[in-house]
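Structural description and commentary
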Protein chains: 2
Amino acid sequence: MERRDFLKKAGIGAAVIATSTLGGPYVIASPKFQWKMVTTWPPKMPVLQDGAERLAKRIEELSEERLKIQVYAAGELVPAMGIFDAVSQGTVECGMGAAYYWAGKNPAFQWFSAVPFGLNAQGMAAWFHAGNGLKLWEEGYKAFNLIPRPAGSTGVQMGGWFNKKINSVEDFKGLKMRIPGLGGKVLAKLGTTVTLTPGGEIFTNLERGVIDATEWVGPLHDLRMGFHKVAKYYYYPGWHEPGTYAEFMFNKKAYESLPKDLQAIVDAACAEMEGWLLAQFESQNGQALEELVTKHNVQLLKFPDDVLKKLKEINQEVLEEEAKKDPLGIKVNEDFKKFQKLIGSWGAISEMAYYNQIAVGGIQSK
Amino acid sequence: MERRDFLKKAGIGAAVIATSTLGGPYVIASPKFQWKMVTTWPPKMPVLQDGAERLAKRIEELSEERLKIQVYAAGELVPAMGIFDAVSQGTVECGMGAAYYWAGKNPAFQWFSAVPFGLNAQGMAAWFHAGNGLKLWEEGYKAFNLIPRPAGSTGVQMGGWFNKKINSVEDFKGLKMRIPGLGGKVLAKLGTTVTLTPGGEIFTNLERGVIDATEWVGPLHDLRMGFHKVAKYYYYPGWHEPGTYAEFMFNKKAYESLPKDLQAIVDAACAEMEGWLLAQFESQNGQALEELVTKHNVQLLKFPDDVLKKLKEINQEVLEEEAKKDPLGIKVNEDFKKFQKLIGSWGAISEMAYYNQIAVGGIQSK
């Protein structure tokens, strides 16, 4: 709604708008809004639940309290996996989660969060903001009365915690591993018994040998879960989630009921949080990795090159199968592949060369 | 200034503030501002001058025209290298440039823009927003009555255009190359004749053999300069500028005269632009590289590993020499090194492994 329209509807005459000469007082009339945000994260989950709370606080500052958002962690108002429906139906105005949780609504949504052997954080951001990524995401969520906004990336995730070594793809056969999503589908093709063990049960299941392996996020979150106490090997890289993106989602009607300046404020605050989130992950993962390696003597292992090569091949099949389940999936997969190829060529002579020849690195060589 | 204070000073009684029940009309009083922004970029410079203009437009939207900024390219109001002083002295309220242009004010400022063999875009963002980077930058600029905000990164730059092959460090001896800043100091130690040829004269000087080589930015900007017509080899990676950051700068008094919500709007808009800028560089560099290689048959060459190793060693000396020129330099250099080491270890098992084993890439293998 344009401010002018609002003023009409609210019955405030134009005389209230006392525009003045430059630098003088300027009075604007605007409605106030009180919203609820529900997330898929446990209370106090570092960086992610923090991100939701920071967003709310920031929007309040930017809008001079015209838009206030009360944030609820998973289960406080709506269960984690219920937030998509709650925001879609307008029970609450907004939410924070990750698009791949909603593969059941449309398999294409997985591309907006994590594609195995897909784009990393920098590539995803470029696809969203300088490619067609966000446009396609908006198109997909529109059918559910939702408006998505990228909330930031975890960066490259870790490959997971294993109690059995992976020396060849044959070692995935018969392995019991907690790994959801597209990555799980890839391993299932290799004979892995894929489980979807909930977060709270993984530690015990690893300890008791109910599962042999699990993936989670990265050093920061993995350290808090204590997996180093019950698993021998910490594998990298996270081929299945190379740049996982979180999302903010808004009920379309609620978003559109905001005056234009508040819509812009919501968008700018989301973009600010997008940068903040990745910065936090990079910095705090760095600190947590140091603690895992130097204090807890965690053994870092890299998946062998031929294992990654084989996983990449199988992943191609999985992506094509998933994509063709919905017309949007085909469109999104084609656009994603095209973009990945374009910036992949550039990445090979820029970031790849940076990491191999320029960066300070190599904790494994300590 | 708090809104309450402003109202007092502007002589507006509290009665004007007609707060209402939730969702009803809410009237806020705010002054209007008209600012000028001067940049170091030529008019129409892709992405960079665009970024300044987008920032102005965005702040106008977010503030509902309470803060309007007129943008001037280099030379339109102030010469490129005069913008720091103009904003510092309050002749204009804000500017856009890059902190390494102001090494003459304090050599420490170079660390906030580009450090040879330093952090890439993702690392710089983490240092600014999750480390001490921005705090130190603010400390440094405060002495000049300025407030800095990161404006986004070009990503890894290219090593430059050469008419002589670089097979060993000896090949830098006697080479005439246009390369400013810390990178230039490194090459000078190897016997290179370092020039600071202005942008508009590089093409002709390369064509006539006045210089043998030049660095510029990356595929997008280099293509527009037409260097592929007058240079044989396009070298990577840009060891001297692995994640160059642009800056927004604000006159401190002007910034602080804004009500709190407008200050927050300026900051959020800068952060939004920070993400936008890198996304544009990544995507448009990808497109320009494809054009350079497939249409103009440009020959991409990688600096040999032993050359990069030697440059890295000499760079360490240069950084220490530069840092100790000012107490802030020592502080910034130490903090930067510590942060680079911390996230370097993490980068080695995350992004490095991503680029080597996961990403699609390798235009040179076509």
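Every value quoted in this text rests on a predicted model; they were computed, and no experiment measured them.

Cut-offs applied
Residues numbered from 1 in each chain as written. Chains lettered and ligands numbered in written order. Predicted model: local features only at pLDDT ≥ 70, side-chain atom pairs only at ≥ 80, totals over all residues. Heavy atoms only, no water. Helix = DSSP H or I, 4+ residues; strand = E, 2+ residues; numbered from the N terminus. Polar contact = N/O pair within 3.5 Å; in protein donor to acceptor, adjacent residues only side chain to side chain. Contact = heavy atoms within 4.5 Å. Least-squares fit on C-alpha atoms with pLDDT ≥ 70 in both. Phe/Tyr/Trp six-rings, centres within 6.5 Å; stacked < 30°, edge-to-face > 60°. Disulfide = S-S within 2.5 Å. Buried < 20%, exposed > 50% of the residue type's maximum accessible area, 1.4 Å probe, protein only. Pairing = 2+ DSSP bridges. Axes fitted to C-alpha atoms, helices over the stretch in contact; angles between N-to-C directions. Parallel < 35°, antiparallel > 145°, perpendicular 65-115°, else oblique. Nonpolar A, V, L, I, M, F, W, Y, C, P; charged D, E, K, R; others polar. Buried area = accessible area lost by both parts, 1.4 Å probe. Salt bridge = Lys/Arg side-chain N within 4 Å of Asp/Glu carboxyl O.

Bringing the side chain of Arg149 of chain B into the picture now. Residues and elements named next belong to chain B. Here Arg149 is to be found in strand S5 (residues 146–153). Among the polar contacts listed, one links the side chain of Arg149 to the side chain of Glu138, at a separation of 2.8 Å. Non-local contacts of Arg149, meaning those with residues more than four positions away in its chain, are made with Leu134, Trp137, Glu138, Glu247, Phe248, Phe250, Tyr255, Asp267 and Cys270.

Glancing now at the environment of Phe128 of chain B. Among the secondary structure elements, Phe128 of chain B is positioned in helix H4 (residues 121–130). Distance from Phe128 of chain B to Asn333 of chain B, taken between C-alpha atoms, is 14 Å for residues 205 residues apart in sequence.

Let us look at the relation of the copies chain B and chain A. Overlaying chain B with chain A gives an RMSD of 0.0 Å, the required rotation being 180° about an axis along which the chain moves by 0.0 Å. This pairing of chains is accounted for by a two-fold axis. Interface overlap between copies is the fraction of interface residues in one copy that are interface residues in the other; for chain B against chain A it reaches 100%, indicating a shared surface.

The subject of this paragraph is the packing of aromatic side chains. Applying the stated criterion across every chain yields a total of 55 aromatic pairs over all chains. Arranged with centres 5.9 Å apart and planes meeting at 75°, the rings of Phe109 of chain A and Phe144 of chain A form a pair that is edge-to-face. Of this pair, Phe109 of chain A sits in the loop between strand S4 (94–97) and helix H4 (121–130) while Phe144 of chain A sits in the loop between helix H5 (133–142) and strand S5 (146–153), placing them 35 residues apart in sequence. Ring plane angle 40° and centroid distance 5.3 Å describe the contact between Phe84 of chain B and Trp102 of chain B, whose orientation is recorded as tilted. One end of the pair, Phe84 of chain B, is in helix H3 (residues 83–89); the other, Trp102 of chain B, is in the loop between strand S4 (94–97) and H4, and 18 residues separate them in sequence.

Once that is clear, we can look at the state of the cysteines. Residues and elements named next belong to chain A. Under the defined criterion, the tally for this structure stands at zero disulfides over all chains. As a non-bridged cysteine, Cys270 has Cys94 as the owner of its nearest cysteine sulfur, 8.6 Å distant. Since its relative accessible area comes to 1%, Cys270 is described here as buried.

We now examine the sheet that holds strand S8 (residues 193–195) of chain B. Pairing between the strands of a sheet comes from backbone hydrogen bonds, and it takes one of two forms, parallel or antiparallel. Residues and elements named next belong to chain B. Spatial strand order, S8-S7-S9-S6-S10-S12: six strands in an open sheet with mixed pairing. Of all the strands in the sheet, the pair left with one neighbour each is S8 and strand S12 (299–302). Of the strand pairs in this sheet, strand S7 (residues 176–178) and S8 are connected by three bridges, and their pairing is parallel. Looking at S8, one finds that Met177 is bridged to Val194.

Attention shifts here to unusual backbone geometry. Residue and element names in this part refer to chain A. Following Tyr236, the chain continues into Pro237 via a peptide bond in cis, with omega recorded as -5°. Inspection of the secondary structure assignment puts Pro237 in the loop between strand S10 (233–236) and strand S11 (245–251). In this structure, Asn297 is a non-glycine residue whose phi angle is positive, near 50°. Within the secondary structure, Asn297 is located in the loop between helix H10 (260–295) and strand S12 (299–302).

Moving on, we come to the packing of helix H11 (residues 305–323) of chain A against helix H12 (residues 327–349) of chain A. All names here are of chain A. Taken N-terminus to C-terminus, the directions of H11 and H12 make an angle of 140°; their axes are 8 Å apart at the nearest point. The angle between the axes of H11 and H12 places the two elements in the oblique class. Contacts from Leu319, Glu320 and Ala323 in H11 reach Gly329, Ile330, Asn333, Glu334 and Lys337 in H12. Among the residues forming the contact of H11 with H12, the class breakdown is three nonpolar, two polar and three charged.

Turning next to the interface of chain B and chain A. Opposite the 86 residues of chain B that make contact, chain A presents 87 residues. Carbon and sulfur atoms make up 65% of the surface buried where chain B meets chain A, a total of about 8000 Å² over both sides. Of all residues in chain B, the largest losses of buried area upon contact with chain A belong to Trp346, Ile349 and Tyr355 of chain B, amounting jointly to 10% of the total for that side. For the interface between chain B and chain A, the tally reads zero salt bridges. Applying the counting criterion to the chain B and chain A interface returns 19 residue pairs in polar contact (both at pLDDT 80 or more). The element that contributes the greatest number of residues to the side of chain B that touches chain A is helix H10 (residues 260–295) of chain B, accounting for 17 residues.

Here we come to the environment of Gly95 of chain B. Residue and element names in this part refer to chain B. Along the polypeptide, Gly95 turns up in strand S4. Put simply, Gly95 and Phe203 are 108 residues apart on the chain and 28 Å apart in space, counted from C-alpha to C-alpha. What Gly95 contacts, discounting residues up to four positions off in sequence, is Met37, Val38, Ile83, Val87, Glu247, Phe248 and Met249.

All names here are of chain A. Within the open sheet, the five strands sit side by side as S3-S2-S4-S11-S5. Their pairing is mixed. One side of each edge strand has no neighbouring strand; the edge strands of this open sheet are strand S3 (67–72) and S5. Mean inter-strand twist for the sheet, computed between neighbouring axes without regard to direction, equals 25°. Strand contacts of helix H2 (residues 48–62): strand S2 (33–39), S3, S4 and S11, with the helix running at about 165° to S3, the strand carrying the most contacts.

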